[in-house]
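# Working through the structure, step by step
Listed below, chain by chain, are the residues.
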Amino acid sequence: MTDLLYTEEEEALRAAVRDLLGDHCDAAGVIARTESDAPHDLRLWKALTDKMGLAGLLVPEGLGGQGATHREAAVVLEELGRAVAPVPYLTSAVVATEALLACGSDDLLAGLSQGTTVAALAVGLHTAPGAAFPSVRLEDGRLHGELTGIADAAFADLLLVPADDGGLYAVEAAAATVTPQVSFDLTRPLATVTLAGVSGRRLGDAAPAVRRALRTGAGLLASEQLGVAEWALTETVRYLKDRKQFNRPVGGFQALKHRLAQLWLEVVNLRAAARGAADALTTGEDADVAVAVAQAYAASVAVHAAEEAVQLHGGLGMTWEHPAHLYLKRAKADSIAYGTAGAHRDTLAGLVDLPAP
Amino acid sequence: MTDAAELRRRTAELLAAHPPAGTDPLDFLRARFDAGLAWVHYPEGLGGLGAPRSLQAVVDAELEAAGAPDNDPRRIGIGLGMAAPTILQYGTEEQKRRFLRPLWTGEEVWCQLFSEPGAGSDLAALGTRAVREGEDWVVNGQKVWTSSAHVARWAILIARTDPDVPKHRGITYFVCDMSDPGVEVRPLRQITGEAEFNEVFLTGVRIPDAHRLGEVGDGWRVAQTTLNNERVAIGGMRLPREGGMIGPAARTWRERPGLRTHDLHQRLLKLWVEAEVSRLTAERLRQQLVAGQPGPEGAGMKLAFARLNQEISGLEVELLGEEGLSYDDWTMRRPDFVDFTGREAGYRYLRSKGNSIEGGTTEVLLNIVAERVLGLPTEPRTDKDVAWKDLAR
């Protein structure tokens with residue numbers, strides 16, 4: 001039976017991550033960073049990885065990791081989502097790590113699990129598990145081509161690149177040209193990766209590795225979306241208790257109370273769906289359905305929560321200074337990341353025998 | 001502490017002493033109650049063993065495997081889900097001994113006399129009067145939305161015993177004998193065509209003071225126990241995947257390819273996902289209760305249940321196309337129990353309209369979530385310090 005709760009250890013992990021983010025990741029700092037040349041927070045990444053060893057949760061102990069499970073990684077992502085933390089946890093410690101695990105590239109996993117190496121899977125962030133993805137050309141043992149929409153590539157040391165021979169190649173980021181794109185989500189920036197005759201090391205077959213990586217990414221993204229939605233709900237409720245108009249707290253108006261209660265119901269549902277996906281990825285039982293259900297549901301909740309936060313903060317919600325927009329941008333980008341809700345519903349149609357006309 | 005092994009041992013003893021094949025069903029149920037295996041979390045002597053509630057499943061599985069009769073819980077849902085926990089919490093020892101055994105075995109059906117034509121969401125404004133006369137209370141008034149009243153032996157009743165104090169303080173909780181000559185039950189036909197509910201007219205009904213539950217004037221607090229249990233009973237059922245209203249809709253989709261359209265496909269998939277997520281939420285709530293960490297999530301289950309039932313059954317009627325224009329039967333009937341998924345899609349659609357009204361309307365429950373879970377300001381309470389007799393009506 002699926003375990004949908006949090007263990008004591010998981011709650012302790014959450015508390016530790018939340019503490020650390022409280023010290024290292026305040027909203028004003030995140031906003032300022034988005035306009036700098038270094039949108040990613042290296043100091044925070046070091047604290048999460050050096051001090052806490054969080055990048056190695058999914059890597060077995062024998063390979064230098066923590067030997068934990070997707071359940072713990074999901075808890076970390078909830079907290080990172082709650083802080084819209086600009087670190088490559090989902091992309092490197094989850095998605096790229098899963099691709100390397102699938103390829104059995106044990107020698108590369110040590111660096112990733114310590115956080116000293118940051119890797120990015122060079123597949124567009126919008127790609128759903130099982131969907132087709134572009135590759136680069138392999139000519140005379142060298143890689144040529146351009147891949148766009150690669151999340152966190154600008155912060156990566158190592159790129160995992162699919163090539164047209166069906167292989168997945170490890171490429172030093174220094175050997176590629178990585179050009180930041182102007183990204184909708186300021187805290188998970190995308191980049192274009194251009195390879196002009198670069199040599200790489202073939203790790204294994206791309207298709208199964210990418211599929212596994214994206215399925216895990218999609219499943220655990222739901223926990224990040226839960227964190228985003230929880231921040232938006234909690235912060236909006238807090239604000240509406242405090243904000244007064246017409247000589248009373250705005251949160252006392254029934255029209256707003258009902259909207260927030262509805263949102264709370266959605267967040268409660270999302271928690272169950274996200275825990276279901278994390279647990280299914282851990283046990284391997286029914287994981288395709290659990291991931292598709294979570295992703296078919298999560299985006300609408302996170303986006304709704306962030307949109308309500310903007311609307312119910314009134315004019316304040318429209319300002320650059322208030323962090324609500326960071327959450328709106330993350331929530332909206334997450335609704336496309338690793339496949340839209342619609343793409344996951346299409347997957348479900350096949351999985352649970354509800355075929356299209 | 002009674003553990004699973006001990007319960008299995010006791011269940012085996014019960015089955016050995018009263019083999020289901022050769023025992024009258026009622027005798028078996030009485031023996032089960034007396035063995036403390038009826039509801040194991042109840043106290044000893046009252047059908048239980050003071051065991052954890054979660055262990056009931058152990059007993060139920062053993063008895064089901066042995067082909068033992070059950071107490072047909074659908075028929076006695078109000079007794080099991082609402083009257084029993086209230087009697088357990090507030091009843092005297094004598095009341096518990098008198099009422100709980102025949103309630104559980106199904107010998108005596110219970111109904112609930114709470115809502116009135118003038119007191120729906122504002123239940124505490126109820127106007128049915130109970131006046132003390134010697135050792136009795138004399139009750140006059142009208143109740144409504146009373147399922148099972150036509151088959152019930154007993155009712156849980158709240159009535160006004162003091163009109164001169166604010167509404168919440170002047171209510172007292174009683175057990176009412178439905179065979180009293182002053183009780184008149186009339187069927188109340190509803191939009192499905194049947195009369196699952198009744199109107200109950202109370203004219204000079206005499207209730208002995210010994211059938212009062214809790215203190216005089218404390219009936220509102222006692223009723224909270226009943227109502228909280230009602231919402232748990234309505235929203236907290238454990239279901240397998242596709243176990244609820246989505247099941248028949250998904251089966252129709254699979255079995256009738258000719259009905260499929262692209263628009264309906266997208267809507268069906270969305271609702272399938274929501275039903276599955278709602279099922280996971282209910283399961284998570286159950287796991288929290290078993291782990292002894294009850295969360296506030298229960299407050300939302302009934303809201304989700306109501307909305308999903310309505311949307312899914314609405315989609316199903318549309319999916320049926322030409323057949324959706326027909327209805328199975330408008331004949332006025334008085335069913336003994338409610339079955340939300342029973343009958344055809346048109347019935348399910350109409351019956352589920354009640355899901356967002358019965359047991360607390362969606363609008364009131366959203367207020368409760370906003371105020372008690374999110375801590376938002378409460379609604380203005382202009383009636384808080386006004387005597388009941390002076391309220392606008």
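Residues numbered from 1 in each chain as written. Chains lettered and ligands numbered in written order. Predicted model: local features only at pLDDT ≥ 70, side-chain atom pairs only at ≥ 80, totals over all residues.

Here we take up the overall build of chain B. Scanning chain B from terminus to terminus reveals eleven helices and eight strands. The C-alpha radius of gyration computed for chain B amounts to 23 Å, which stays within 12% of the reference 21 Å derived for 393 residues, consistent with globular compactness. Oriented by its inertia axes, the alpha-carbon framework of chain B measures out at about 70 × 60 × 45 Å. Per-residue burial over chain B gives 40% buried out of 393 residues. A separation of at least 24 residues holds for 71% of the contacts in chain B among residues at least 6 apart in sequence. (Helix = DSSP H or I, 4+ residues; strand = E, 2+ residues; numbered from the N terminus. Rg over C-alpha atoms; globule rule 2.2 N^0.38 Å. Buried ≥ 20, exposed ≤ 12 C-beta atoms within 10 Å, placed from the backbone. Contact = placed C-beta atoms within 7 Å.)

Moving on, we get to the sheet that holds strand 7 (residues 190–198) of chain A. Strand pairing in a sheet takes place through backbone hydrogen bonds and is either antiparallel or parallel in direction. All names here are of chain A. Read across the sheet, four strands follow the order 2-3-7-6 without closing on themselves; strand pairing throughout is antiparallel. Whereas interior strands pair on both sides, the edge strands pair on one side only; in this sheet they are strand 2 (137–139) and strand 6 (177–180). Each strand of the sheet is rotated relative to its neighbour by a mean of 15°, with strand direction disregarded. The sheet contact formed by strand 6 and strand 7 spans four bridges and is antiparallel. (Pairing = 2+ DSSP bridges. Axes fitted to C-alpha atoms, helices over the stretch in contact; angles between N-to-C directions.)

Another aspect to go through is the interface of chain B and chain A. Contact with chain B, which involves 36 residues of that partner, is made by 32 residues of chain A. Those elements giving two or more residues to the side of chain B that touches chain A turn out to be helix 7 (246–255), helix 8 (262–290), helix 9 (298–319) and helix 11 (362–373) of chain B. With 16 residues, helix 8 of chain B is the single largest residue contributor to the side of chain B that touches chain A. A breakdown of the residues in the side of chain B that touches chain A according to their chemical character gives 18 nonpolar, ten polar and eight charged. (Nonpolar A, V, L, I, M, F, W, Y, C, P; charged D, E, K, R; others polar.)

Further remarks concern the nonpolar core. If you look at the biggest cluster of nonpolar residues, it comprises 165 residues, and the most contacted ones within it are Ala99, Leu159, Ala273, Ala305 and Tyr327 of chain A. Among all residues touching alanine 305 of chain A, those that are not within four sequence positions of it are Val228, Ala229, Ala232, Leu233, Leu263 and Val267 of chain A. Within the second largest apolar cluster, 61 residues are counted, among which are Ile76, Trp137, Val139 and Leu202 of chain B. (Core = buried A, V, L, I, M, F, W, Y, C linked by C-beta atoms within 7 Å.)

As a further point, take the pairing of strand 3 (residues 136–143) of chain B. All names here are of chain B. Side chains of strand 3 alternate between two faces, with Trp137, Val139, Gly141 and Lys143 buried and Asp136, Val138, Asn140 and Gln142 left unburied. The loop that links strand 2 (residues 129–133) with its antiparallel partner strand 3 comprises two residues; one of these, glycine 134, has a positive phi angle of about 65°. Relative to strand 7 (residues 197–208), strand 3 is paired through seven bridges, and the arrangement is antiparallel. Pairing of tryptophan 137 across the sheet is with isoleucine 207, part of strand 7.

All names here are of chain B. Even without being glycine, tryptophan 145 reaches a positive phi, approximately 60°. Within the secondary structure layout, tryptophan 145 lies in the loop between strand 3 and strand 4 (154–160). For tryptophan 145, a count of 22 C-beta atoms within 10 Å gives the class buried. The phi torsion at glutamate 242 lies on the positive side, around 65°, for a residue other than glycine. With respect to the element layout, glutamate 242 can be found in the loop between helix 6 (219–235) and helix 7.

A word on the domain arrangement of chain B. Under the domain assignment, chain B is made up of domain 1 (1–70), domain 2 (73–217 + 381–393) and domain 3 (236–360). The C-alpha centroid of domain 3 of chain B is placed 32 Å from the C-alpha centroid of domain 1 of chain B. (Domains from an automatic or database assignment.)

Residues and elements named next belong to chain B. The topology assignment puts aspartate 339 in the loop between helix 9 and helix 10 (345–352). In this structure aspartate 339 comes out as exposed when scored by C-beta crowding, with 12 C-beta atoms within 10 Å. Residues aspartate 339 and leucine 268 lie 71 residues apart in sequence; the distance between their C-alpha atoms is 23 Å.

Residue and element names in this part refer to chain B. Between its terminal C-alpha atoms helix 4 (residues 77–90) stretches 19 Å, which fits the 20 Å expected from 14 residues at 1.5 Å a residue. Roughly 40° is the biggest bend found in helix 4, and it falls at alanine 83, with proline proline 85 one to four residues downstream. The buried fraction of helix 4 amounts to eleven of the 14 residues, a majority that puts the element mostly inside the structure. Those residues of helix 4 lying buried are Ile78, Gly79, Leu80, Gly81, Met82, Ala83, Ala84, Thr86, Ile87, Leu88 and Tyr90. (Expected span 1.5 Å × (residues − 1). Bend = angle between axes of the 7 residues up to and from the residue.)

What follows concerns the domain arrangement of chain A. Residues and elements named next belong to chain A. Under the domain assignment used here, chain A contains domain 1 (8–117), domain 2 (137–207) and domain 3 (208–351). The straight-line distance from the C-alpha centre of domain 1 to that of domain 3 is 20 Å. Domain 1 puts 22 residues into the contact, and the matching count from domain 3 is 26 residues. The greatest single-element share of the side of domain 1 that touches domain 3, amounting to ten residues, is contributed by helix 4 (residues 70–82).

This paragraph deals with the environment of glutamate 8 of chain A. Position of glutamate 8 of chain A among the secondary structure elements: in helix 1 (residues 8–24). Separated by 308 residues in the primary sequence, glutamate 8 of chain A and leucine 316 of chain A place their C-alpha atoms 38 Å from one another.

Residue and element names in this part refer to chain A. Here four strands make up an open sheet; going across it, the order is 1-4-5-8 and the pairing mixed. The open sheet has two edge strands, strand 1 (119–121) and strand 8 (201–205), and neither has a second partner. If you compare each strand with its neighbour and ignore which way they point, the axes differ by 25° on average. Judged from the five bridges that link them, strand 4 (residues 158–162) and strand 5 (residues 167–172) form a sheet pairing that is antiparallel. Bridge assignment links leucine 159 to a residue of strand 5, and that residue is valine 171.

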